[in-house]
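Spelled out, the chains give:
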Amino acid sequence: MSSRHRTRRTTLASACLAACSIPLSALAGTPSTLPDVNVTASHGAPVAFAGVPETVITRAEIDRLQATSVLSLLENRAGMNLVNQGGPGKLTTASIWGMSGSQTLVLIDGVRIGSLTAGAAYLENLPVALIDHIDIIKGPRSGQYGADAMGGVIQIFTRKGKEGIQPSLSIAGGSNKTFETSANVSGGNGPFDYSIGASHQGTGGFNAYTDTTGSPYAVNQPDNDGYRNNSANVRLNYTGKNGARIGVHWLGTNAFTDYDGSSFAGNQQRSRQQNFGLDGALMKIGIWQLRASAGRNIERQTQYYDGSYVSEYNSRQDSFSLANDFSIGQGLLTLGADRLNDHVSSSVNYDVTSRHNNGLFAQYATQIADLSIQTALRHDSNSQFGTANTGSVDLSWQLNPSLALTGGYGTGFHVPSFNFLYYPGGYANPDLRPEHARTVRLGFNWQNNNGWTSSLTAFRTRTRDLIASSASTNYVPYNINQAQSIGAEWQLGWHNADWAVNSSATWISAVDRETGLSIPRQPKWSGRIDVDRKFGAWRMGMTVRGQTATHESTFSQINNGFATADLRLSYAYGHNWHFEAKLSNVLDKQYQTAYDYNQAGRTVLFTLRYGL
């Protein structure tokens, strides 16, 4: 089996925003471009709530960091763990608070993405040039979204338009024969807004994998593993009176990557993704408003060996949702239902190729004096696994204008992937049970008028029936009776007209409670600091990040701890032109986040960019 498988303000919103501690990433040197209401934490309901741990990465920050991948934006941020298997275009997963990548829900403009066969969302082909902002909600959100949101939710919003016409473009080149280009035009006229964009990424790459096991079954192809990706997106919106709106969006990617493999698993892969969405809301009538959405995500993965066809794995997810919002005094009550249809097709024969899930959910958010409350309850009925009930309660108590205490409790569940359940050849276990988790957290948000912000969240998650695999079971998946993650994340930021400093640190202890052994690929410590200084038309910046050692499922295979540094320089001239240079991995550090999968050494990238 190939290694590749695997909004609108309301009274409540205004009140909650007054109590909200500004996310650190919003303070990165330029005025915040965040949406008025963070809809990710509330499953699309127009509620702003300060009590949910979150990180928001704006378009301004993406440009300032000169980011070329979602990986470079997310790695070593507070509460996050990123695993990459060999550089650009290679398998990349994200996990939150010690959960696995499969237990993190990833959305594009509200529509789920991910491979149903592998059971995880891969981030390597998502085009940074077409992203407006990213919301990261930490802690279980199954009470709103159902399965897969055990650890949290990552939502990626594509670019959108505003009044007038705003073109942007970029061209870049650098080490490893890297060439990137993008173009976007967005705008708006009255109630209409639009955004249309395209991007290309290409690199000759480097040797993604070096075997050190000495196994006779190991792959050893010491060549450069290249990557190219062509992407495009369209987003159209109409906003009427009294909250009426309708929007449609599409994102497509077509990527081809080389990797080290065999005639059985292939050494090349073409990945094609199509993500469609339609969402809207009726005009608000009295206290009631109806919202609806529909989406489809298609992922096609075809493997080749030196150009010859080997295998194919395709996934399709169709989602539908209806939600009723009732404004009741200071509160907002949401009652809704949704359906998710999953279907797989493949060059291998799965015993089961489809399933569906029906969900009913309720959510209530309100503010009582200085206490903000958000609660959620959900019932899921899955055609494979029966029923599941989940929920959450989130609290924020504003002690004074600068300091708020936060806390919460939530439950979540995750259903096994089609590969885990039905992959032929003795690699599957059809008797697997869904995973279930409970998380409790406590923390604070703090800010002052001098540009300082800080937040601290401590958490504990206990999971039952966690799915794992190891060499001792010939990698056949099985359920662990109990697992536990205990940890804390801390963020500290400071900004003024010229400086922007954002820092974070995470400590996590994730173990199998039955054996006491730690969970693979989860560092105990990780951290990151981004520092930028503006000198007139010039801007200089540095990122330092790192983590402690991790291990694979065999425990003897160790991924050593590491620290890396990036430097960047930008010069603004003319009318919205920018010349940028970035030196990554300045000390040419050799490191890995997955055993024997290499990361890039020292590289340089030069970019010419036009945009507001």
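It should be noted that the structure appears before, not after, this text.
So, here's what we can say about the structure.

A few points about the overall build of the protein
Of the regular secondary structure elements, the protein holds five helices and 31 strands. Considered along the principal axes of its C-alpha atoms, the protein spans approximately 70 × 60 × 40 Å. Within the span of the protein, comprising 612 residues, buried residues form 57% of the whole. Only carbon and sulfur atoms are counted for the fraction: they give 58% of the accessible area of the protein, which is about 24,500 Å².

Structural notes on the pattern of salt bridges
A full pass over the atoms with the stated rule returns 25 salt bridges. In this structure, the salt-bridge partner of Asp63 is Arg59, at a minimum N-O distance of 2.8 Å. With a gap of four residues between them, Asp63 and Arg59 both fall in helix α2 (residues 59–64), about one helical turn apart. Comparing Asp63 with Arg59, the two get one shared label, buried. The residue Glu61 makes a salt bridge to Arg64 at a minimum N-O spacing of 3.6 Å. Of this pair, Glu61 and Arg64 both sit in helix α2, three residues apart, which is roughly one turn of the helix. Classification of Arg64 by relative accessible area gives buried; the value is 8%. If you follow the salt bridges from partner to partner, you end up with Glu61, Arg64, Arg77, Asp532 and Arg568 in one network.

Concerning a nonpolar patch on the surface
Taken together, the side chains of Phe535, Trp538, Met540, Leu569, Tyr571, Tyr573, Phe579 and Phe606 present a nonpolar region at the surface, about 750 Å² in accessible area. Where the nonpolar patch is concerned, the elements lending two or more residues are β26 (538–547) and β29 (562–573). If you tally residues by element for the nonpolar patch, the top one is β29, at three residues. Here Leu569 shows up in strand β29.

Comments concerning the sheet that holds strand β6 (residues 131–138)
Spatially, β1-β6-β7-β4-β5 is the arrangement adopted by the five strands of the open sheet, whose pairing is mixed. Strands at the two margins of the open sheet, each flanked by one partner only, are β1 (54–57) and β5 (111–112). Relative to strand β7 (residues 152–158), β6 runs antiparallel, the two being bridged by seven bridges. Across the sheet, the residue bridging to Ile136 is Ile154, located in β7.

Analysis parameters
- Residues numbered from 1 in each chain as written.
- Predicted model: local features only at pLDDT ≥ 70, side-chain atom pairs only at ≥ 80, totals over all residues.
- Heavy atoms only, no water.
- Helix = DSSP H or I, 4+ residues; strand = E, 2+ residues; numbered from the N terminus.
- Buried < 20%, exposed > 50% of the residue type's maximum accessible area, 1.4 Å probe, protein only.
- Areas by Shrake-Rupley, 256 points an atom, 1.4 Å probe, with all protein chains shown as cover.
- Salt bridge = Lys/Arg side-chain N within 4 Å of Asp/Glu carboxyl O.
- Patch = residues over 30% accessible without salt bridge, like charges linked within 9 Å, V, L, I, M, F, W, Y side chains within 5 Å.
- Pairing = 2+ DSSP bridges.

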